[in-house]
Amino acid sequence: MYSEKVMDHFQHPRNVGEIEDASGVGTVGNAKCGDIMRMFLDIDDETHIIKECKFKTFGCGAAVATSSMATEMVKGKTIEEAMQITNKAVMEALDGLPPVKVHCSLLAEEAIHAALWDYAQKHNIVIEGLDKPKSDISEGEEEEEY
Ligand code: FES
């Protein structure tokens, strides 16, 4: 059912954790299943290159695997390049997901966008093609560990 790459990233997820004083943080939730993902970015203010990317996901195996792969893909990219990373690209990099799990991969794309949105707000910049994330649930949320 799952590709070897999905299993690898699920069993050995890359870049799990938090970045202290991250330049951008985005938290998104999947309304279908209630799963949650938080993405932390450390962005160079001059070059706009994403130096570090970490995540925490409270979710299914496909969500963990796509988060892990997405962080690998985002690291070293510029903001503009990171904007091109779609859930489709992440799924392709994982050699596909079963159709019923495609929605899980959306969390990673949305979390990247939410973290970039947070960065843009803090630095008063406009990122082309980036709208306010619909599912960013970080506003007003209680601080809780998950
Ligand atoms: Fe919730 Fe996969 S079932 S993200």
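The name given to the protein chain in an unreviewed UniProt entry is Fe-S cluster assembly scaffold protein NifU, and the organism recorded there is Blautia intestinihominis.

Describing the UniProt feature "domain: NIF system FeS cluster assembly NifU N-terminal" (unreviewed entry) in the protein chain
Under the feature "domain: NIF system FeS cluster assembly NifU N-terminal" (unreviewed entry), the UniProt entry names residues 1–124. Regarding residues 1–124, the helix share stands at 45% and the strand share at 19%, and the terminal C-alpha atoms are separated by 44 Å.

Side note on the pairing of strand E3 (residues 50–58)
Looking along a regular strand, one sees the side chains alternate between the two faces of the sheet. Alignment of strand E2 (residues 36–43) against E3, held across 8 bridges, turns out to be antiparallel. Counterpart to Asp 42 in the pairing with E3 is Glu 52. Where E2 folds back onto E3 in an antiparallel hairpin, the turn is made up of 6 residues, including His 48, whose phi is positive at roughly 60°.

Considerations on the environment of Asp 95
Along the chain, Asp 95 turns up in the loop between helix H4 (87–93) and helix H5 (102–123). In sequence terms Asp 95 and Glu 128 are 33 residues apart; their C-alpha atoms lie 29 Å from each other.

A short note on the side chain of Lys 56
Considering the arrangement of structural elements, one finds Lys 56 in strand E3. At 2.8 Å, the side chain of Lys 56 forms a polar contact with the side chain of Glu 18.

Focus: the pairing of E2
Of all 8 residues that make up E2, 6 are buried, and the element is covered over most of its length. Bridging between strand E1 (residues 24–29) and E2 involves 6 bridges; their strand directions are antiparallel. When the bridges of E2 are listed, Gly 26 appears paired with Met 39. Counting the residues in the hairpin turn of E1 and E2 gives 6 residues, including Gly 34, whose phi is positive at 85°.

Cut-offs used in this document
Residues numbered from 1 in each chain as written. Predicted model: local features only at pLDDT ≥ 70, side-chain atom pairs only at ≥ 80, totals over all residues. Heavy atoms only, no water. UniProt positions renumbered as here; feature names shortened; annotations may be inferred. Helix = DSSP H or I, 4+ residues; strand = E, 2+ residues; numbered from the N terminus. Pairing = 2+ DSSP bridges. Polar contact = N/O pair within 3.5 Å; in protein donor to acceptor, adjacent residues only side chain to side chain. Buried < 20%, exposed > 50% of the residue type's maximum accessible area, 1.4 Å probe, protein only.

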